Amino acid sequence: MLNWDDPLAEGKPQPPQTPPPEPKVEHKGDATSGDEFAYEIPAEPTPAEPIAMRAPSDIPEQTNAAQMSGGVNPVKAEDKKVVNGMADINQLAPFKYPWAWEYFLNANKNHWTPLDINMAQDVHDFHHKLTLEERHVYTNVLSYLTTSDIMAMRNIGLAVMEKMSAPELQIYQARQVYEESLHTWTYQHCIETLGLDQGEVYNRYRVVPEINAKIQIANRRLNSVMRPDIDLNDRDELHNFLMSYIFFAGIFEGCWFYNGFSPIFALQRRGLMKGTAEQLQYIMRDEVMHASFGLRVARQIMREENIQPDPKAMREMWDECEAAEEGYARYLLRDPILGYSAEDHVNQFRFIANRRANKLSLEEPFPGAENALPWLDEQANMRKEKNFFETRVTEYQVGGGLTW
Ligand SMILES: [Fe+2]
Ligand SMILES: [Fe+2]
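Criteria and thresholds
Residues numbered from 1 in each chain as written. Chains lettered and ligands numbered in written order. Predicted model: local features only at pLDDT ≥ 70, side-chain atom pairs only at ≥ 80, totals over all residues. Heavy atoms only, no water. Helix = DSSP H or I, 4+ residues; strand = E, 2+ residues; numbered from the N terminus. Polar contact = N/O pair within 3.5 Å; in protein donor to acceptor, adjacent residues only side chain to side chain. Contact = heavy atoms within 4.5 Å. Donors = N, O, S within 2.8 Å, 3.2 Å for Na, K, Ca; no water. Buried < 20%, exposed > 50% of the residue type's maximum accessible area, 1.4 Å probe, protein only. Phe/Tyr/Trp six-rings, centres within 6.5 Å; stacked < 30°, edge-to-face > 60°. Lys NZ or Arg CZ within 6 Å of the ring centre and 35° of its normal. Tetrahedral: all angles 85-135°; square planar, octahedral: opposite > 155°, others 65-115°. Salt bridge = Lys/Arg side-chain N within 4 Å of Asp/Glu carboxyl O. Bend = angle between axes of the 7 residues up to and from the residue. pLDDT = per-residue confidence, 0-100. Arc of directions from axis to C-beta.

Q: Describe in detail the side chain of S165, supporting the description with residues and values.
A: Following the sequence through the fold, S165 ends up in the loop between α4 (132-160) and α5 (167-194). A distance of 2.8 Å separates the side chain of S165 from the backbone nitrogen of G85, its partner in a polar contact. Other than its neighbours up to four places away in sequence, S165 contacts K81, V82, V83, N84, G85 and I89.

Q: Now, about the coordination of the iron ion (ligand 2): what can you tell me, with residues and values included?
A: Bound to the iron ion (ligand 2) on the protein side are E180 (OE), E253 (OE), E287 (OE), E287 (OE) and H290 (ND1), at distances that span 1.9 to 2.7 Å. Mapped onto the sequence, the residues coordinating the iron ion (ligand 2) show the spacing E-x72-E-x33-E-x2-H. Between the iron ion (ligand 2) and the iron ion (ligand 1), a spacing of 3.5 Å is present, and a bridge between the two is formed by E180. In this pair, E253 sits in helix α8 (residues 235-260) while H290 sits in helix α10 (residues 274-304), placing the two residues 37 residues apart along the sequence. E253 sits in the buried class, given a relative accessible area of 1%.

Q: How would you sum up the packing of aromatic side chains? Please name residues and give values.
A: The geometry of an aromatic ring pair comes down to the distance between the two centres and the angle between the two planes. By the definition in use, this model includes 21 aromatic pairs. With centroids separated by 5.9 Å and ring planes inclined at 65°, the aromatic side chains of Y97 and W99 adopt a geometry described as edge-to-face. Each member of the pair, Y97 as well as W99, carries the same accessibility label: buried. An angle of 20° between the planes, with centres 5.8 Å apart, marks the rings of F248 and F252 as stacked. With F248 and F252 both in helix α8 and four residues apart, the pair spans about one turn of that helix. We note that F248, like F252, is buried. Each residue in the set F247, F248, F252, W256, F257, F261 and F265 is aromatic and connected to the rest through ring pairs, giving one cluster. Between R135 and the ring centre of F126, over which it is positioned, the NZ or CZ distance is 5.8 Å.

Q: Describe the coordination of the iron ion (ligand 1), with residues and values.
A: In this structure, D149 (OD), E180 (OE), H183 (ND1) and E287 (OE) serve as the protein donors to the iron ion (ligand 1), at separations of 1.9 to 2.2 Å. For the iron ion (ligand 1), the four donor atoms in the first shell make angles of 82 to 153° at the metal, a pattern classed as irregular. On the primary sequence, the residues serving as donors to the iron ion (ligand 1) are separated as D-x30-E-x2-H-x103-E.

Q: Help me get a handle on the pattern of salt bridges, residues and values and all.
A: This model, assessed by the stated rule, comprises 20 salt bridges. Between K96 and E304 there is a salt bridge; the shortest N-O distance is 3.3 Å. Of this pair, K96 sits in the loop between α1 (64-69) and α2 (98-107) while E304 sits in helix α10; the two residues are 208 residues apart in sequence, bridging distant segments of the chain. Each member of the pair, K96 as well as E304, is classed as buried. Between E316 and K312 there is a salt bridge, with the nearest N and O atoms lying 3.2 Å from each other. Pair noted here: E316 and K312 are both in helix α11 (residues 311-332), with a separation of four residues, about one helical turn. Linked by salt bridges that have partners in common, E322, E326, R330, E343 and R350 make up one network.

Q: So what about unusual backbone geometry? Which residues, and what values?
A: Among all residues except glycine, the phi angle is most often negative; among peptide bonds, the trans geometry is most common. That bond from A93 to P94 is cis: its omega, 5°, falls within 30 degrees of zero. Its location among the elements puts P94 in the loop between α1 and α2. Of note in the backbone geometry, N84 takes a positive phi value of approximately 65° without being a glycine. Inspection of the secondary structure puts N84 in the loop between α1 and α2. What makes N84 buried here is its relative accessible area of 17%.

Q: Before we move on, can you summarise α8 with the specific residues and values?
A: At F248, α8 shows its maximal kink, close to 30°. Buried residues dominate α8, accounting for 22 of its 26 residues. For α8, the N-terminal capping position is held by D234, with its side-chain oxygen 2.9 Å away from the main-chain nitrogen of D236.

Q: Lay out the environment of W112 in plain terms, naming residues and giving numbers.
A: As for its position among the elements, W112 is in the loop between α2 and α3 (120-129). For the pair W112 and Y282, spaced 170 residues apart in the sequence, the C-alpha separation amounts to 8.3 Å.

Q: Would you mind going over the confidence of the model for the protein in detail, with residue names and values included?
A: Overall, the predicted model of the protein reaches an average pLDDT of 82, with 76% of residues at or above 70. Here residues 1-6 is modelled with pLDDT under 50, and outside its nearest four sequence neighbours on either side it reaches 32 contacts, counting other chains as well. Within the model, the stretch residues 38-63 combines pLDDT values under 50 with 63 contacts to residues more than four positions away or in other chains.

Q: An account of α3 is needed here, citing residue identities and associated values.
A: Along α3, the residues classified as buried are D122, D125 and F126. Seen along its axis, α3 keeps its buried residues to an arc of 95°; they face one direction. More than 90 degrees from the buried face of α3, the exposed residues found are A120 and H128. Residues of α3 that are buried make contact with α4, α5 and α10.

Here you go:
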């Protein structure tokens, strides 16, 4: 059973093999605080044990029995690693990371397409009810999201997946690639249905400096690991990959996406653009899982490889991303709309950023930041009884296994 306060804490399907014992865990997050993915994070190993790299020559020779039969040694769960593993990448089980398989199973309970959503009222709202300022917000949010989800798809599919050395991690990421493309379809569906100028909307990230600034940061940080020749046994390369994945899961997905839908949810709360908002709620569910998974993988890398993100580099990343988000918010909400302001947006970014840092046991980047949009977590949790938006969320889940 999926619980959005703790996505994978309950109803865990049992993997066919018992995984090796995990380190002692501690509960991070508070289900009552609205922390949307308060999964359990393994406690810091004490002390963290460096894991020696295994060169191919270190791999034990085949047993006599295996040699005599012409086969090779079986894969053991403990041979797997997130990166730099030497176990056969083509063998799913035994699992070392059963939680990754659970993410995959849970993701597959959630199927929808944009064509399921009725946009008729949105067409009327956009052309007859939204103010100029609200249309500015709506179209620029879409402009930012269209580009960002393409980048997300390419990053997971082309840069991250290939560096994973355990198939149970790659399988969830393969599902993630599909979901990112589904998200892009959603934005295109909205743009087409509303009759917006596609050339104009899709090019805005290039011509609007405040949108471009965020995209440039993402391009730089994600492109730095989109190379097939990276040797993650090199500590500098490993650190760069870790930083890039933390940026991707913790900020790009965990803050910028998570917080990026909220201006349109503010319209939804006033009964406007409900079809669009319903689709964004579905996307937000996916993104919560993506961010949660990515941070867990990053945490696992930190433990297995005995590496920590450099505090100075983290500080620079937080500051750079905060400044870009602030510029974006000031452009998006140069004229506030009812119930939402640039200050709300930036404060919420800081508040969520602290949450993401907590998931990695890193120092909070913005101490004291307060939850400026307490209703936003409601969107992420999207419980069955939540019907004040009068949307079709109860029909989102297909298949069994989900209780609201
Ligand atoms: Fe996405
Ligand atoms: Fe995503």
